[in-house]
Every structure is written in structure tokens, then in C-alpha cells.
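Structural features, examined
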Amino acid sequence: RVPCLGLIGGPESRTVFPTRARCRSARAWDQGDYGSARAYFEHCLALWRELGDWPGIASSRHDLGLVACRQGDYGAARAYYEQSLEIKREIGARQGIASSLMNLGNVATYQGDYAAARAYCEQSLEISRQIGDRQGIAYSLEVFASLASSSGRIGALPAETAPPPGNAGFDP
């Protein structure tokens, strides 16, 4: 699911327009209309570029990666995620970096590049743990499980994917 952001900066703000376009793309995504979702995300990207808003640009590229991945265009998905990752690294968005790495791990898994998938997942998990992002940790572990299943090596999950001692951070 693609989240729909709320209005940023009030109705007079120029950031309302890309935010509204993102809401439209989220609606199209939820309805399975990935062609329309892609068009709206591309529109968002153009608006964020016009505004010079790097976090918005990174988010739109990430969203375009989600659409490309859903449509099976893994080369395009990888390119979008890498572009998003580069911006997130430049602006220091650690949670976003972990998310992009996780999605790159998914793409690598789908493409059968299990070594790259594992490397991306390890990086994502490490960052998620460093910043205490429990949702990011869970998603990284899910990607590790998918990787293990896809590669046929269910028992080969690394020890570092186990929860910390005492299950810290995973209590309900």
C-alpha cells in the first residue's frame, strides 16, 4: 500500500499540488490501476523537481520503483530505487535509506541475484536496528525470509537475522 500524505504547509503552500497528485496515485494504486499510479507519480516527480524538494524527489522515485516492481519491470524498479537511495544518502534520511535497500533486496531476489539481495538486506537490517525502526526490522526480516525461500536455502538465514537476546524490541 502506498501511503497518502496529508497536505504540507497549508492550502496556500506550493507543496499541496504534488501532495494531491500523490494522493491520486495512491488511490489508483489501491485500485490496481498501476498505469495511472505511474502517471501520477511521474507528475509528482516533476512537481517536486520544480520545487527543488529533494525528499519529495526521492519519495517519488521510490514510488515509481514500487510501480515498476509491481508490473514486473525489475530493471526500471532497480534504477528508481538506486536513484532514490542516492538522494536519501545525500540528505541523511536513514529510515529511507533502509527502505530503499530493502526494496533493492526484493528486486535482486526477484532477479535471482541472491548474493546482492542478501547484501542489501543485511545493510537494511543493520540501519533499521541502529535507528530502532521496528517496522523496518520486520520488513528486512521478511525480505530475508523471501530470499531464503526463493533461493531454496530456508535453513541458511544468517544468525544476525535473529531478534536480539531476550526478544528486545519485538515484544507485543
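First things first, this report covers the structure right here in the doc. (Residues numbered from 1 in each chain as written. Predicted model: local features only at pLDDT ≥ 70, side-chain atom pairs only at ≥ 80, totals over all residues. Heavy atoms only, no water.)

A word on the pattern of salt bridges
Which entries qualify depends on this criterion: For salt bridges, the criterion is a side-chain nitrogen of Lys or Arg within 4 Å of an Asp or Glu carboxyl oxygen. Where helices and strands are cited, they refer to DSSP runs of H or I of at least four residues and of E of at least two residues respectively, numbered from the N terminus.
Scanning the model with the defined rule gives one salt bridge in all. Residue Glu 122 pairs with Arg 118 through a salt bridge whose shortest N-O separation is 2.9 Å. Within this pair, Glu 122 and its partner Arg 118 are both found in helix 6 (residues 114–131), separated by four residues, close to a single helical turn.

Observations regarding helix 5 (residues 94–110)
Three- or four-residue spacings in an α-helix give side chains the same orientation, since the helix completes a turn every 3.6 residues. The condition is simple: The span you would expect from a helix comes to 1.5 Å times its residue count less one. Working definition: with a 1.4 Å probe on protein chains only, accessible area under 20% of the residue-type maximum means buried, over 50% means exposed, and in between means partly exposed.
Relative to the 24 Å expected for 17 residues at 1.5 Å per residue, helix 5 spans 24 Å between its end C-alpha atoms, a close match to the ideal helical length. Among the 17 residues in helix 5, 13 count as buried, and that is most of the element.

Digging into the packing of aromatic side chains
As a reminder of what qualifies: The pairing test for Phe, Tyr and Trp rings, Trp by its six-membered ring, is centres within 6.5 Å, and the orientation test on the planes gives stacked under 30 degrees, edge-to-face over 60, and tilted for anything in between.
Within this structure, the stated rule accounts for one aromatic pair. Judged by centre distance (5.2 Å) and plane angle (35 degrees), the ring pair of Tyr 74 and Tyr 110 falls under tilted. Pair noted here: Tyr 74 is in helix 4 (residues 74–91) and Tyr 110 is in helix 5, with a separation of 36 residues, a long-range link. The class of Tyr 74 is partly exposed, set by a relative accessible area of 26%.

What about the packing of helix 2 (residues 34–51) against helix 3 (residues 54–70)?
Our working definition: Lines are fitted to the C-alpha atoms to define the axes, a helix being fitted only along its stretch in contact, and any angle between axes, read from their N-to-C directions, falls within 0 to 180 degrees. Angles are sorted into four bins: roughly parallel if under 35 degrees, roughly antiparallel if over 145, roughly perpendicular if 65 to 115, and oblique for all others. In a left-handed crossing the near helix is turned counterclockwise from the far helix by less than a right angle, and in a right-handed crossing that turn is clockwise. Here a residue-residue contact requires only that any non-hydrogen atoms of the pair lie within 4.5 Å. By the convention adopted, Pro, Cys, Tyr, Trp, Phe, Met, Ile, Leu, Val and Ala count as nonpolar, Lys, Arg, Asp and Glu as charged, and the other residues, Gly among them, as polar.
For the pair helix 2 and helix 3, interaxial distance at closest approach is 9 Å and the crossing angle is 165 degrees. On the basis of the axis angle, helix 2 is roughly antiparallel to helix 3. At the point where helix 2 passes helix 3, the crossing takes the left-handed sense. Across from Tyr 34, Ala 37, Arg 38, Phe 41, Glu 42, Cys 44, Leu 45, Trp 48 and Arg 49 in helix 2, the residues of helix 3 making contact are Gly 56, Ile 57, Ser 60, Arg 61, Asp 63, Leu 64, Val 67 and Arg 70. Along the lines of polarity and charge, the residues of the contact of helix 2 with helix 3 split into nine nonpolar, two polar and six charged.

Looking at the packing of helix 3 against helix 5
Contact geometry for helix 3 and helix 5: axes closest at 11 Å, N-to-C directions at 20 degrees. If you check the angle between helix 3 and helix 5, you find them roughly parallel. Note that helix 3 runs across helix 5; the crossing there is left-handed. In this structure, helix 3 uses His 62, Leu 66 and Cys 69 to contact helix 5, whose residues at the interface are Ser 99, Ser 100, Asn 103, Val 107 and Tyr 110. Of the residues contributing to the contact of helix 3 with helix 5, the split by class is four nonpolar, four polar and no charged.

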